[in-house]
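For reference, the chains in residue letters:
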Amino acid sequence: MLARIHRLTLGRLRREIEPVSSADLVRFLHRWQHLAPGTTLHGTDGLLQILRQLQGYEISGASLEREVLARRVSRYDPEMLDRLCLSGEVMWGRLSPHPAFKSPATLTSPPPPSRTADGEVPAATTGARPKRIRPTRVAPVTVFLRADADWLLACAGRRETGRDTAALSHPAREVLDALTARGASFLAELVRATGRLASEVEDGLWELVVAGLVTADGFDNLRALVDPKRRRGEGRGRAARPRHAAGRWALLDEPDLPQPAGEPVDAAAAPARHDQVVARFASQMLDRWGVVFRDLLARETLAPSWRELLAALRRMEARGEIRG
């Protein structure tokens, strides 16, 4: 009887939902994502709310602040993002695997487009991996809460891809080895550890950023790599800025430790963990878009399959948390 009442209640609630036009949806999204006049947020707290809503959504690092954050935060100041990064509340980096690496095996994403955000043709369509990873200003990055880094990295399937250093240049490999051995390091420390020129270490770091292998304490580290004038040390007077950012560089994530010998492996833990990650991503999409439908997956580089998301959404609907 209770199950029948529950099904009838869900059916009645679903019949109350009516479709709207695309124009209505766009107007709703402008308000939901704080783009409409009068809905923009203010200050560092407002920026943190915007980052919490957009975390996991990857966009070009060169246009993230100009095209996304500055339009959602009134009187946006780059120092706001730097303060959040340096305080440890948020971090940045590329989460989706680069086409030069193996495709993730745990969470299946929609079929890849003919070309990725990097301008590279995926290995699955060409039959061969790109020869190397090339630094580019359009490389996708995202800013996310440090507390949510674990499930976002799991959703990207990074632990299953591994690190294929064959796609990296020699300077990038040496910088990666130095960071692996030394841990978080300043640029000057990496220069001494590798014995290379500062410009070569910068190129290696930029390559590792594009590959999704490293991050830094502050977002200004990425600005220093993306800005060509800053890399050349140009600028006079107030426009003159230090060529290198002061923050440290570090690995974006650490590989899982091997299972100790003799300890039993919990076979049921992996599926349960997978379901938790899918549920977290479903909640994140609801926070980001307000209304979730299948076509949105084309814009989400970390999204699991629609079938898995739909199961998580239906469970949330059955608990009375959302409407379907």
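Higher on the page you've got the structure.
As a starting point, this report considers the structure included with it. (Residues numbered from 1 in each chain as written. Predicted model: local features only at pLDDT ≥ 70, side-chain atom pairs only at ≥ 80, totals over all residues. Heavy atoms only, no water.)

1. A closer look at unusual backbone geometry
Here is step 1: Here H34, not a glycine, exhibits a phi torsion of approximately 60 degrees, which is positive.
Here is step 2: Relative to the helices and strands, H34 is located in the loop between α2 (22-32) and β1 (41-42).
Here is step 3: One non-glycine residue, R75, lies in positive phi territory at about 55 degrees.
Here is step 4: Within the secondary structure, R75 sits in the loop between β3 (73-74) and α5 (78-86). (Helix = DSSP H or I, 4+ residues; strand = E, 2+ residues; numbered from the N terminus.)

2. So, the nonpolar core
Here is step 1: L47, L81, W92 and W249 are the most contacted members of the largest nonpolar core, which totals 50 residues.
Here is step 2: Of the residues forming this core, the biggest block, seven residues, is contributed by helix α11 (residues 198-211).
Here is step 3: Among all residues touching L47, those that are not within four sequence positions of it are L69, V73, Y76, M80, L81 and L84.
Here is step 4: In terms of nonpolar packing, the next biggest core, distinct from the first, is built from 28 residues, L95, W289, L296 and W306 among them. (Core = buried A, V, L, I, M, F, W, Y, C linked by side-chain atoms within 4.5 Å. Buried < 20%, exposed > 50% of the residue type's maximum accessible area, 1.4 Å probe, protein only. Contact = heavy atoms within 4.5 Å.)

3. Focus: helix α10 (residues 187-194)
Here is step 1: Among the residues of α10, L187, L190 and T194 are the ones counted as buried. The buried side chains of α10 occupy one side of the element, clustering within an arc of 60 degrees when seen end-on.
Here is step 2: Of the surrounding elements, those touching the buried residues of α10 are α9 (170-182), α11 and β7 (249-251).
Here is step 3: Two residues or fewer past α10, G195 is found with a positive phi of approximately 70 degrees. (Arc of directions from axis to C-beta.)

4. Topic: the side chain of E207
Here is step 1: Within the element layout of this structure, E207 appears in helix α11.
Here is step 2: Take E207: its relative accessible area is 2%, and that puts it in the buried class.
Here is step 3: Among all residues touching E207, those that are not within four sequence positions of it are R132, I133, P135, A167, L168, S169 and A172.

5. Side note on the packing of helix α3 (residues 43-54) against helix α14 (residues 269-289)
Here is step 1: Orientation of α3 relative to α14, taken along the N-to-C sense of each, is 125 degrees, at an axis distance of 7 Å. It follows that α3 is oblique to α14 by the angle criterion. On α14, the residues touching R52, Q53 and L54 of α3 are Q284, D287 and R288.
Here is step 2: Of the residues that constitute the contact of α3 with α14, the class distribution is one nonpolar, two polar and three charged. (Axes fitted to C-alpha atoms, helices over the stretch in contact; angles between N-to-C directions. Parallel < 35°, antiparallel > 145°, perpendicular 65-115°, else oblique. Nonpolar A, V, L, I, M, F, W, Y, C, P; charged D, E, K, R; others polar.)

6. Considering the pattern of salt bridges
Charged atoms that come close allow side chains of opposite charge to pair.
Here is step 1: In the structure shown here, the tally under the stated rule is 17 salt bridges.
Here is step 2: For E317, the salt bridge identified is with R14, shortest N-O distance 2.8 Å. Of the two residues, E317 sits in helix α15 (residues 306-318) while R14 sits in helix α1 (residues 2-15), which places them 303 residues apart along the sequence.
Here is step 3: The salt bridge involving R288 is made with E300; its shortest N-O contact spans 3.0 Å. Of the two residues, R288 is situated in helix α14 and E300 in the loop between α14 and α15; the sequence distance between them amounts to 12 residues. (Salt bridge = Lys/Arg side-chain N within 4 Å of Asp/Glu carboxyl O.)

7. Some thoughts on the environment of Y57
Here is step 1: Relative to the helices and strands, Y57 resides in the loop between α3 and β2 (59-60).
Here is step 2: Its relative accessible area of 23% is what places Y57 among the partly exposed residues.
Here is step 3: For the pair Y57 and L302, spaced 245 residues apart in the sequence, the C-alpha separation amounts to 7.9 Å.
Here is step 4: When near neighbours in sequence (up to four residues on either side) are disregarded, Y57 contacts V141, T142, R288, W289, R299 and E300.

8. Side note on empty space enclosed by the protein
Empty space among the atoms can be located by rolling a probe the size of a water molecule over them.
Here is step 1: The full count for this structure, using the stated rule, is two cavities of 30 Å³ or more.
Here is step 2: Counted as a void, the second largest cavity has a volume near 60 Å³.
Here is step 3: If you go around the second largest cavity, the residues you meet are G61, A62, T136, R137, A139, V141, W206, V209, V210, L222 and V226.
Here is step 4: Elements that contribute at least two residues to the lining of the second largest cavity include exactly α11 and α12 (220-226).
Here is step 5: The element best represented in the lining of the second largest cavity is α11, accounting for three residues.
Here is step 6: Across the lining of the second largest cavity, the residue classes break down as eight nonpolar, two polar and one charged. (1 Å grid on protein atoms, 1.4 Å probe; cavity = no way out; pocket = protein on both sides within 12 Å on 5 of 7 lines; lining within 4 Å. Points joined across faces, edges and corners; volume = space filled by probe spheres on them.)

9. Quick look at the layout of surface pockets
Here is step 1: In this structure, the second largest pocket occupies an estimated 670 Å³ of space.
Here is step 2: I17, V291, V292, R323 and G324 are, among the 22 residues lining the second largest pocket, the residues nearest its centre.
Here is step 3: If you list the elements that add at least two residues to the lining of the second largest pocket, you get α2 and α15.
Here is step 4: With five residues, the single largest contributor to the lining of the second largest pocket is α15.
Here is step 5: Considering only residue class, the lining of the second largest pocket consists of 13 nonpolar, four polar and five charged.

10. Some remarks on the packing of aromatic side chains
The geometry of two aromatic rings is summed up by the distance between their centres and the angle between their planes.
Here is step 1: Scanning the entire structure with this criterion turns up four aromatic pairs.
Here is step 2: Consider the rings of Y57 and W289, whose centres lie 6.2 Å apart with planes at 75 degrees: the pair is edge-to-face. Taken as a pair, Y57 in the loop between α3 and β2 and W289 in helix α14 lie far apart in primary sequence, 232 residues in all.
Here is step 3: Classification of W289 as buried rests on a relative accessible area of 10%.
Here is step 4: An angle of 85 degrees between the planes, with centres 6.3 Å apart, marks the rings of W92 and W249 as edge-to-face. Here W249 lies in strand β7 and W92 lies in strand β4 (residues 90-93), a separation of 157 residues in the sequence.
Here is step 5: Judged by its relative accessible area of 0%, W92 is buried. (Phe/Tyr/Trp six-rings, centres within 6.5 Å; stacked < 30°, edge-to-face > 60°.)

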